[in-house]
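Summary of structural features
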Amino acid sequence: MKEFQERQDVLTQAPDALLAERAADGDVAAFETLTRRYGPLMRAYARRLTRSVDEADDVVQDALITAWTDMSKLREGTAVKAWLMRIVANRAVDAGRRRKSHGNVDDHPEAPDNMPTPEQLAVAGSQGAALNRALRGLPAEQRRCWVLKEFGGASYEEIGQTLGISAASVRGRLARARTTLVKEMEEWR
Amino acid sequence: MNPTESCGRSIEDLSDYLETGISTDFVHIENCPQCQARLAGLRSLGALAQDLLHDDIATASEAGWLDSVVANLRLETRAGRSIPLDGGALDTLTETEGAVIAMIRAVGDSLGGVLIGRCRLAGDVTVAGAPVEVNIDVSTQYGYRLPTVAQELRSAVLAELLVHSDLNVVAVNVAFTGVRAPLDGAVDEGEPQ
């Protein structure tokens, strides 16, 4: 048990690149360490990109299995965090598309009341709560662009690829989202 | 001049300026009160977004959830070839190559100063009794004597495989692929020279 603990400590301190290399070579423990390191970030991201916490959890689980399978395709181990986030984004958008094409249950796939509630996201602080509310009020396409940019750190081109639109449309949607959000934040203040 | 009239600069341009710090229009932007006010708005929105992300991450970090994700992953992870175990004439027992490699890694990682990289079983492991070589890439921490480390690793791996597999291991080949600087605060039980 002590040995196991020490082993976990060694891996916990190991840099992303080493863990990615070992995971690509089939080391489950290294991949688990990456999962523990970035899982909460991936989950937070997925929750903002999907319409329910359950869907977000499915997206993260799927994304991790994809990552595990494709690990050897990752060229730069140092880029593993951005790579994981990109997989989550693509999975989340796919999940939305699947829901639309199969979803006869619900004609409003992006209905804001299906977004994670503030309680589920437990947003601390009233300004955070105000931003959360303002985000929920945005059209889905704008909200996605904003989350991909602000939470995922993606470029216009990457966001465009994920959403299947041009980089120019991304730039426009992002500007509209920001205009609305800044205005609502200022009104709130 | 009408003070509510827009100076004509778009939020797109101001966002790009905020992100890159570059604009052909920076003389105007830096001197226009309207642009400065909008930049301030964008800046505080950006800061608020990072706060929100931190709150979201804190909420998403339930230990129970991570454990269940990791447990599911274990079911999905590649198992490799099937290695026969001697279970007597009436039984077909096997263990997976993935499990054996994981065992070798665990042994290596628990030795002081050693981190296993690539690990492979060479030979037809699916045939009982066939000769098998274990090839291990190792990076060590600075300060360890490599022949000693190699010998310790070899005996530890052999001992483990003898107990937990029926592989006919004819060699454990250790290749040193790198030397790492000591980790901060890491305590080693081996004997740095």
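The structure reproduced in this document is the subject of the present report. (Residues numbered from 1 in each chain as written. Chains lettered and ligands numbered in written order. Predicted model: local features only at pLDDT ≥ 70, side-chain atom pairs only at ≥ 80, totals over all residues. Heavy atoms only, no water.)

1. Topic: the overall build of chain B
The helix and strand inventory of chain B stands at six helices and five strands. Traced from its N-terminal end to its C-terminal end, chain B shows the element sequence α-α-α-α-β-β-α-β-β-α-β. The burial tally for chain B puts 35% of its 193 residues in the buried class. Long-range pairs, those at least 24 residues apart, make up 59% of the contacts in chain B between residues at least 6 apart in sequence. Accessible area of chain B: about 10,500 Å², with a carbon and sulfur share of 55%. (Helix = DSSP H or I, 4+ residues; strand = E, 2+ residues; numbered from the N terminus. Buried < 20%, exposed > 50% of the residue type's maximum accessible area, 1.4 Å probe, protein only. Contact = heavy atoms within 4.5 Å. Areas by Shrake-Rupley, 256 points an atom, 1.4 Å probe, with all protein chains shown as cover.)

2. A word on helix α5 (residues 97-110) of chain B
Residues and elements named next belong to chain B. Taking 1.5 Å per residue, 14 residues should reach 20 Å; α5 reaches 20 Å between its end C-alpha atoms and fits that length. Most of α5 sits out of view: ten of its 14 residues are buried. Considered for burial, the residues of α5 that qualify are E97, V100, I101, M103, I104, R105, V107, G108, D109 and S110. (Expected span 1.5 Å × (residues − 1).)

3. Some details on the interface of chain B and chain A
As a measure of interface size, the accessible area lost when the parts come together is often cited. Residue-level contacts link 47 residues of chain B with 55 residues of chain A. Overall, the association of chain B and chain A removes approximately 4,700 Å² of surface from exposure, summing both partners, and the carbon and sulfur fraction of that is 59%. Counting across the interface, chain B meets chain A through ten salt bridges. Our count for the chain B to chain A interface comes out at 17 residue pairs in polar contact (both at pLDDT 80 or more). Listed by contribution, the elements that provide at least two residues to the side of chain B that touches chain A are α1 (11-20), α3 (33-60), α4 (63-76), α5 and β3 (114-122) of chain B. Considering every element that reaches the side of chain B that touches chain A, the biggest residue donor is α3(B), with 15 residues. Tallied by class, the residues present in the side of chain B that touches chain A amount to 19 nonpolar, eleven polar and 17 charged. (Buried area = accessible area lost by both parts, 1.4 Å probe. Salt bridge = Lys/Arg side-chain N within 4 Å of Asp/Glu carboxyl O. Polar contact = N/O pair within 3.5 Å; in protein donor to acceptor, adjacent residues only side chain to side chain. Nonpolar A, V, L, I, M, F, W, Y, C, P; charged D, E, K, R; others polar.)

Read these as spatial facts, not as claims about activity.
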